[in-house]
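# Coordinate analysis (summary)
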Amino acid sequence: MRVLADRIRGVERRVRYLGLGLVVLAAGFLLTGRWQLALGVAVGALLGWVLTDPVRITWAVFVIAFAVPVTIDVGYPTNPSYALLLVLFLLAVWGRVLRAERDGWPPKALAAALLLPACAVLAGLVHWHGVKPIAVGVAPLLCFGVLAWHLAEEARHDRRTVRRIAEALTWFSVAVAVFAKYQTASRSWPIFDQFAYDWTYTSAFDATRAVGLSGHPIIYGTFAMAMVLVALTLRGRFWYVPVTANLVGLVLSGTRSAWVGTVLALGLWLFFQWRKVSWRGLGATAAVAAVTFTLVAVNPPALRPDTTTAAPTPSPAAPAASSAAPAPESPAATPSPAAPSPAAPAPPAASSLSPEPGAPVPAAPTTSAVDSVDVAGSRISDPASADARFTRMSVVWDGITSDWSTVVFGNGPEANVRFLENVGIGDGQAQVFDNTYLTFWYNFGLIGLACLLALLVLLYRRLRSLPARLLLVGFAAQIFFFDVWLWLGAVAVLLLAVALGAADNPSLSARALPVPRRRQPGAQAAAPAAAGPRQPAAGAAAGSGSAPAARPGSAGASGPS
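In this report, the structure presented in the accompanying data block is examined. Since the structure is predicted, the reported quantities are computational estimates derived from the model, not experimental observations.

Conventions adopted
Residues numbered from 1 in each chain as written. Predicted model: local features only at pLDDT ≥ 70, side-chain atom pairs only at ≥ 80, totals over all residues. Heavy atoms only, no water. Salt bridge = Lys/Arg side-chain N within 4 Å of Asp/Glu carboxyl O. Helix = DSSP H or I, 4+ residues; strand = E, 2+ residues; numbered from the N terminus. Buried < 20%, exposed > 50% of the residue type's maximum accessible area, 1.4 Å probe, protein only. Polar contact = N/O pair within 3.5 Å; in protein donor to acceptor, adjacent residues only side chain to side chain. Core = buried A, V, L, I, M, F, W, Y, C linked by side-chain atoms within 4.5 Å. Contact = heavy atoms within 4.5 Å. Patch = residues over 30% accessible without salt bridge, like charges linked within 9 Å, V, L, I, M, F, W, Y side chains within 5 Å. Areas by Shrake-Rupley, 256 points an atom, 1.4 Å probe, with all protein chains shown as cover.

## Digging into the pattern of salt bridges
Across all of its chains, the model carries 4 salt bridges by this definition. We note a salt bridge from Glu153 to Arg156, for which the minimum N-O separation is 3.1 Å. Of this pair, Glu153 and Arg156 both sit in helix α8 (residues 131-157), 3 residues apart, which is roughly one turn of that helix. The pair formed by Glu153 and Arg156 is uniform in burial state, with each residue classed as buried. For Arg389, the salt bridge is made with Asp434, and the minimal N-O distance between the two is 3.7 Å. Taken together, the residues Arg389 in helix α16 (residues 384-400) and Asp434 in the loop between α18 (415-422) and α19 (436-462) connect sequence positions 45 residues apart.

## As for the side chain of Thr71
Mapping Thr71 onto the fold places it in the loop between α4 (54-67) and α5 (80-98). Within polar-contact distance, the side chain of Thr71 engages the backbone oxygen of Ser214 at 3.2 Å.

## Details of the nonpolar core
Judged by nonpolar contacts, the single largest core of 113 residues is most densely connected at Phe62, Leu471, Trp485 and Leu496. Ranked by residue count, the leading element in this core is helix α21 (residues 488-504), at 14 residues. Excluding anything up to four places from it in sequence, Leu471 contacts Ala226, Leu229, Val230, Val493, Leu496, Ala497 and Leu500. Core analysis: the next-biggest nonpolar cluster, separate from the first, contains 5 residues, Ile72, Phe179, Trp189 and Val211 among them.

## Concerning a nonpolar patch on the surface
Among the surface-exposed residues, Val93, Trp94, Val97, Leu98 and Trp105 lie close enough to one another that they form a single nonpolar patch of about 440 Å² accessible area. Along the chain, Trp105 falls in the loop between α6 (100-103) and α7 (107-126).

## Considerations on the side chain of Ser81
Among the secondary structure elements, Ser81 is positioned in helix α5. You can call Ser81 buried: its relative accessible area is 0%. A polar contact is formed between the side chain of Ser81 and the backbone oxygen of Leu486, at a distance of 3.1 Å.

## Considering unusual backbone geometry
As a rule of thumb, non-glycine residues mostly have phi less than zero, and peptide bonds are mostly trans rather than cis. A positive phi is found at Ile191, a non-glycine position, where the angle reads about 80°. Among the secondary structure elements, Ile191 is positioned in the loop between α9 (159-186) and α10 (192-195). The exposure class assigned to Ile191 is partly exposed, which follows from its relative accessible area of 45%.

Here it is as structure tokens:
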């Protein structure tokens, strides 16, 4: 308490008064029942505190991306994805401003950050549909480019902070996995059932799959995949606990694309580590697998659904400002009509699509528990999802190859949204293309796709870090099965890979201070006699790097998958 009191006294008086005023303002809003305004004051004060320190900005980027769901609208001025994108963009830009004197504005980093947005602008100019589609299509790419640049610069100057964030995320994911187990055992999604802005982000849609804190099983599966790979490669204290917990969450999510990404990444890990394989390692693997199977299969009776209370009735989709919001997932086994994006207007009735379904009332739960092992097995054996993806590939390919200009330059930003709103895919599934690479080609042409692939390959080659490479392989494999750009929790996996890779790559470490020019031999001999003993420079006393001395405590919608 004495330390806390000393810190409070050390704060400037005007800052203390400002903080007290904000507390009073938030309390006043709460007393009048305007909790949204109180929440806005609290979030604004927290962001103001974060913006004063680049290290806090780095923490905030990952906390927002991984922990704040875009499936809940708390009163954002626009679609939640774009509102949070704007917050992350401002954080990254301000972080670069704070570090401008130290890092400068490296042209290569800027070129990498602006490469994909430039492809989007080029496609929009060739196939002109107005300024708005270009702005909406460029915004996510620009935001993630600037974020990757900021995180790479921070990581190469402060390796310890990035690794500390990654390890903290693995332990945070353990709590999320416990929550995911509760969701499948109780067949309810607390918070999301009450506050989700569309019924497809509630347990009424598919209560047998866990969503963690994302509100969507695919995005939670992506998060669990990333945390398995990070915990396995960083090997912090008790690393097997987050590995096991996230394997459980990965199975409970029922996300086959994340399973594929995890298997490929683990195969790469074994390829790099095959000389270190031992009987002890095989025994630990068997133990982790056995514990994972037990935790997946066991459903405590205390968590089984209560049949005495009625299940919550989710509200219909609320309109949002942007048409490019993540689309809900439509499971293959659901015979309901196609559900368009909750943020998009309903498609014309004259098209091949059926009218938008209303929010169904979930049936009363039974006392029998869901067999999560059987659910996972059914996800593997169900062929309907593969058929839906082949249908989408055929539709997208027809749009790409309509003429030479669409092959080279694409159909323009937001072309996929225009197609799905006006024409659609009449197979009763979610109205999305479900393939980031094909969607990118459809919108931005072969030039854009080549740039995207080149960036992934370049990152893999330059970031010679095992955690970064595994994350890149898992991410690159998974986005073949869903559209990723407006799911912050999924793209944050790529951002985490960039940060870890920049932290572990010696060629990207902080640049040394320039060595002063050598003096002439005569001058070197005369200088000590004239000026006395030479004192070491302040920079040399602190170290040879250009980074300042570290302060105490300092060291990133789809159809069925």
